Amino acid sequence: MYIVNSVITVPKDKVDEVIGIYQKRSRRVDDFDGFISFTLLQSEHRPEELTVQMKWETKEHFFAWMKSPAYKEIHELEKKYPDAELAAVKPKVYRYKVVAE
């Protein structure tokens, strides 16, 4: 299994808005080959820190997703987000190979 965490820190007054965006996400990735799950996590100690966690069968499946037209379309939409403050938020991406369960 391969896990990708994208950690973002959003302005405190925008946390609920961002959570709402992810709750209404397009779900285009859900049917992509090798996709296992999507989870949005919120830090208990820093509520403005959100982590998007995606689980994949393999690293190759994840990279195939990243090269897909659907991935590119979704991420182009983020760049056009009308709220400039949120559009400027850049994630820190961490990738993990699962070595034990």
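The structure we're discussing is the one just above.
Residues numbered from 1 in each chain as written. Predicted model: local features only at pLDDT ≥ 70, side-chain atom pairs only at ≥ 80, totals over all residues. Heavy atoms only, no water.

Residues and numbers for the pattern of salt bridges, please.
Under the definition given, this model contains 5 salt bridges. With a shortest N-O distance of 3.5 Å, Arg27 and Asp30 are connected by a salt bridge. In this structure, the salt-bridge partner of Glu49 is Arg46, at a minimum N-O distance of 2.8 Å. By relative accessible area, Arg46 is classed as partly exposed at 35%. Among the charged side chains, a network of salt bridges with common partners joins Arg25, Arg27 and Asp30. (Salt bridge = Lys/Arg side-chain N within 4 Å of Asp/Glu carboxyl O. Buried < 20%, exposed > 50% of the residue type's maximum accessible area, 1.4 Å probe, protein only.)

Explain the sheet that holds strand β3 (residues 49-56) residue by residue, including any values.
Consider a sheet: its strands pair through backbone hydrogen bonds, and that pairing is either parallel or antiparallel. Read across the sheet, 4 strands follow the order β2-β3-β1-β4 without closing on themselves; strand pairing throughout is antiparallel. What marks the edges here is a single partner per strand, and that holds for β2 (35-42) and β4 (92-97). Averaged over all pairs of adjacent strands, the angle between strand axes in this sheet comes to 15°, irrespective of strand direction. Both strand β1 (residues 2-9) and β3 contribute to a ladder of 8 bridges, which runs antiparallel. Looking at the pairing, Val7 lines up with Thr51 of β3. Helix α1 (residues 15-23) rests against β1, β2 and β3 of the sheet, and its axis sits at about 165° to β2. (Pairing = 2+ DSSP bridges. Helix = DSSP H or I, 4+ residues; strand = E, 2+ residues; numbered from the N terminus. Axes fitted to C-alpha atoms, helices over the stretch in contact; angles between N-to-C directions. Contact = heavy atoms within 4.5 Å.)

Functional significance is not addressed by these values, which are geometric in nature.
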